[in-house]
Amino acid sequence: MGRVIVVTSGKGGVGKTTTTANIGMALAQRNRRVAVVDADFGLRNLDLLLGLENRVVYTAVEVLAGECRLEQALVKDKRRANLVLLPAAQNRTKDAVNPAQMRQLVLAIAKVYDYVLVDSPAGIEMGFQNAIAGAQEALIVTTPEISAVRDADRVIGLLEANNIKRASLIVNRIRPKMVAANDMMSIDDVQEILAVPLIGVVPDDEKVIVSTNRGEPLVLSGTPSMAGTAFDNIARRIEGEKVPLLELSSDESLFTRFKTFLKKPLG
């Protein structure tokens with residue numbers, strides 16, 4: 001049975017879908033069988049970030065209605081055949097599916113795949129309850145803003161109430177220069193409030209926008225980026241590797257160190 005991990009936050013716009021797409025692809029690149037599930041019924045976006053929007057024929061709703069088999073709804077990624085997407089229905093509301101049905105669906109997928117990553121919608125209503133159904137673990141994504149951190153804290157409480165005890169924190173869009181100027185919460189500040197183990201820190205990176213528009217996760221990009229490396233490192237930590245966090249002292253020095261590392265001869 002594979003690991004079912006929900007990617008959640010509470011607040012919208014913090015990067016859950018980007019995180020799901022990149023970590024899913026990073027795990028697939030490590031030859032794991034990965035299924036990413038879009039639980040945002042009515043506002044699906046995971047297919048766009050993976051560049052699979054034109055290949056969607058059936059969705060989770062058709063599977064549950066018995067109109068198609070689960071295998072027919074799973075969209076295979078051409079770049080990595082071991083990565084599949086179960087899309088959400090764009091023309092249905094979040095009430096079209098209930099938690100018991102979602103649990104049945106993700107557990108069926110987990111029988112075949114090593115990882116099932118569920119992209120949770122914003123909020124803590126029915127969409128959230130659907131997303132966490134069947135999950136044993138959670139990745140909590142937040143940006144270093146007080147409103148996002150407060151919403152993440154609320155979600156942590158709800159996860160515990162639903163018996164999801166294994167949760168890890170991803171701090172997204174960190175800007176070292178703003179942290180140094182005391183204009184942004186630091187990683188330590190966020191950790192102190194949330195008291196959840198940190199699994200990754202992703203720096204703010206304009207290449208995220210480019211990759212989103214192209215439907216190509218950063219971890220696939222031929223041009224190295226700090227955010228892409230951060231997502232890849234998170235996938236490695238999920239796998240149990242001990243990988244040090246990226247050193248984020250300032251934008252300039254970080255970029256310089258990264259370029260210098262890439263230019264070093266091997267051996």
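Within each chain, residue numbers correspond to sequence positions counted from 1 in written order. It should be noted that, the model being predicted, local features are given only for residues of pLDDT at least 70 and side-chain atom pairs only at 80 or more, the latter also being counted only at that level, while totals for whole chains, interfaces and linings use all residues. Neither water nor hydrogens contribute to the side-chain values; these are computed over all heavy atoms in the structure.

As annotated in an unreviewed UniProt entry, the protein carries the name Septum site-determining protein MinD and is attributed to Romeriopsis navalis LEGE 11480. UniProt positions are given in the numbering used here, feature names are shortened, and annotations may be inferred rather than shown by experiment. Quoted verbatim from the Sequence similarities (unreviewed entry) heading of the UniProt record, the comment on the protein is "Belongs to the ParA family. MinD subfamily." Regarding the protein, the relevant UniProt record gives this comment under Function (unreviewed entry): "ATPase required for the correct placement of the division site. Cell division inhibitors MinC and MinD act in concert to form an inhibitor capable of blocking formation of the polar Z ring septums. Rapidly oscillates between the poles of the cell to destabilize FtsZ filaments that have formed before they mature into polar Z rings."

Enquirer: Please set out the overall build of the protein residue by residue, giving values where relevant.
Expert: When helices and strands are tallied, the protein shows 12 helices and eight strands. Along the longest, intermediate and shortest principal axes, the C-alpha atoms of the protein span 55 × 40 × 30 Å. Counting every position in the protein, which comprises 267 residues, the buried fraction comes to 51%. Across the protein, contacts joining residues at least 24 apart in sequence account for 76% of those joining residues at least 6 apart. Per-residue accessibility takes into account occlusion by the displayed protein chains alone, with areas from the Shrake-Rupley method and a 1.4 Å probe. As displayed, the protein offers around 12700 Å² of accessible surface, 49% of which is attributable to carbon and sulfur atoms. The charged-residue count follows a simple rule in which Lys and Arg add positive charge and Asp and Glu add negative charge, with His and chain termini not counted at all. By convention, the point assigned to a charge is CZ for Arg, NZ for Lys, CD for Glu and CG for Asp. The average position of the 33 basic charges and that of the 31 acidic charges among the side chains of the protein differ by 6 Å. A run of H or I in DSSP counts as a helix once it spans at least four residues, and a run of E counts as a strand once it spans at least two, with each numbered from the N terminus. Burial status follows relative accessibility: with a 1.4 Å probe on protein chains alone, a residue under 20% of its type maximum counts as buried, one over 50% as exposed, and anything between as partly exposed. Working rule for contacts: check all heavy atoms of both residues, and any pair within 4.5 Å makes them a contact.

Enquirer: Please give an account of the sheet that holds strand 3 (residues 75–76) that cites residues and values.
Expert: Ordered in space as 3-4-2-5-1-6-7-8, the eight strands form an open sheet in which the pairing is mixed. The sheet is open, and its two borders are formed by strand 3 and strand 8 (198–203), each paired with just one other strand. Between N-to-C directions, angles cover 0 to 180 degrees, with each direction set by a line fitted to C-alpha atoms, over the stretch in contact for helices. This element, helix 5 (residues 99–110), spans strand 1 (3–8), strand 2 (34–38), strand 4 (83–86) and strand 5 (115–119) of the sheet and lies at about 150 degrees to strand 5. Strand contacts of helix 7 (residues 146–161): strand 1 and strand 6 (137–142), with the helix running at about 170 degrees to strand 6, the strand carrying the most contacts. Strands are treated as partners if at least two bridges between them are detected by DSSP.

Enquirer: So, empty space enclosed by the protein: which residues are in play, and what are the values?
Expert: Every definition here rests on a 1 Å grid over the protein atoms only: cavities are sets of points where a 1.4 Å probe fits but cannot get out, pockets are open sets enclosed by protein on both sides within 12 Å along at least five of seven lines, and lining residues have some atom within 4 Å of a point. Grid points are joined across faces, edges and corners, and a volume is the space filled by probe spheres set on the points. Per the stated rule, a full pass over the model turns up one cavity of 30 Å³ or more. Put simply, the largest cavity is a space of about 40 Å³. If you go around the largest cavity, the residues you meet are Thr-18, Ala-21, Asn-22, Leu-49, Ser-211, Thr-212, Glu-216 and Pro-217. Going through the elements one at a time, helix 1 (16–29) and helix 10 (207–214) are the ones with two or more residues in the lining of the largest cavity. Among the elements that line the lining of the largest cavity, the one with the most residues is helix 1, at three residues. Basically, the charged four are Asp, Glu, Lys and Arg, the nonpolar ten are Ala, Val, Leu, Ile, Met, Phe, Trp, Tyr, Cys and Pro, and anything else, Gly included, counts as polar. In the lining of the largest cavity, the residues fall into three nonpolar, four polar and one charged.

Enquirer: How would you summarise the UniProt feature "binding site: ATP" (unreviewed entry) in the protein if you had to cite specific residues and measurements?
Expert: Following the UniProt record, the feature "binding site: ATP" (unreviewed entry) maps to Lys-11, Gly-12, Gly-13, Val-14, Gly-15, Lys-16, Thr-17 and Thr-18 here. Lining the largest cavity, out of the annotated residues just given, are Thr-18. Apart from the residues within four sequence positions on either side, Val-14 is in contact with Ser-9, Val-141, Thr-142, Thr-143, Ala-148, Asn-172 and Arg-173. Inspection of the secondary structure assignment puts Thr-17 in helix 1. Other than its neighbours up to four places away in sequence, Thr-17 contacts Asn-45, Leu-46, Leu-49 and Asp-119.

Enquirer: Describe in detail helix 7, supporting the description with residues and values.
Expert: One fewer than the residue count of a helix, multiplied by 1.5 Å, yields its expected span. For helix 7, with 16 residues, the first-to-last C-alpha span of 23 Å sits near the 22 Å given by 1.5 Å per residue. Ala-148, Val-149, Ala-152, Val-155, Ile-156, Leu-158 and Leu-159 are the residues of helix 7 that are buried. Contacts made by the buried residues of helix 7 are with strand 1, helix 6 (126–132), strand 6 and helix 9 (187–194). Asn-163 lies just past helix 7 and shows a positive phi near 65 degrees.

Enquirer: For the nonpolar core, give the residues involved together with the corresponding values.
Expert: Burial of nonpolar side chains together is a common tendency in soluble globular proteins. Take the buried Ala, Val, Leu, Ile, Met, Phe, Trp, Tyr and Cys residues and link them wherever side-chain atoms come within 4.5 Å; each set so joined is a nonpolar core. If you look at the biggest cluster of nonpolar residues, it comprises 51 residues, and the most contacted ones within it are Phe-41, Leu-86, Met-102, Ile-109, Val-116, Val-118 and Leu-159. With six residues, helix 7 is the single largest residue contributor to this core. For Val-118, the residues in contact, after removing those within four places along its chain, are Val-4, Ile-5, Val-6, Val-7, Val-37, Ala-39, Val-106 and Ala-131. Of all hydrophobic cores here, the second largest spans 36 residues; its members include Leu-52, Ile-170, Ala-227 and Phe-231.

Enquirer: Outline the packing of helix 7 against helix 9, listing residues and values.
Expert: Contact geometry of helix 7 with helix 9 gives a least axis separation of 10 Å together with a crossing angle of 30 degrees. Remark: the crossing between helix 7 and helix 9 carries right-handed chirality. Each of Ile-146, Val-149, Ala-152, Asp-153 and Ile-156 in helix 7 lies in contact with helix 9, whose residues at this interface are Val-190, Ile-193 and Leu-194. Partitioned by chemical class, the residues of the contact of helix 7 with helix 9 number seven nonpolar, no polar and one charged. In a left-handed crossing the near helix is turned counterclockwise from the far helix by less than a right angle, and in a right-handed crossing that turn is clockwise.

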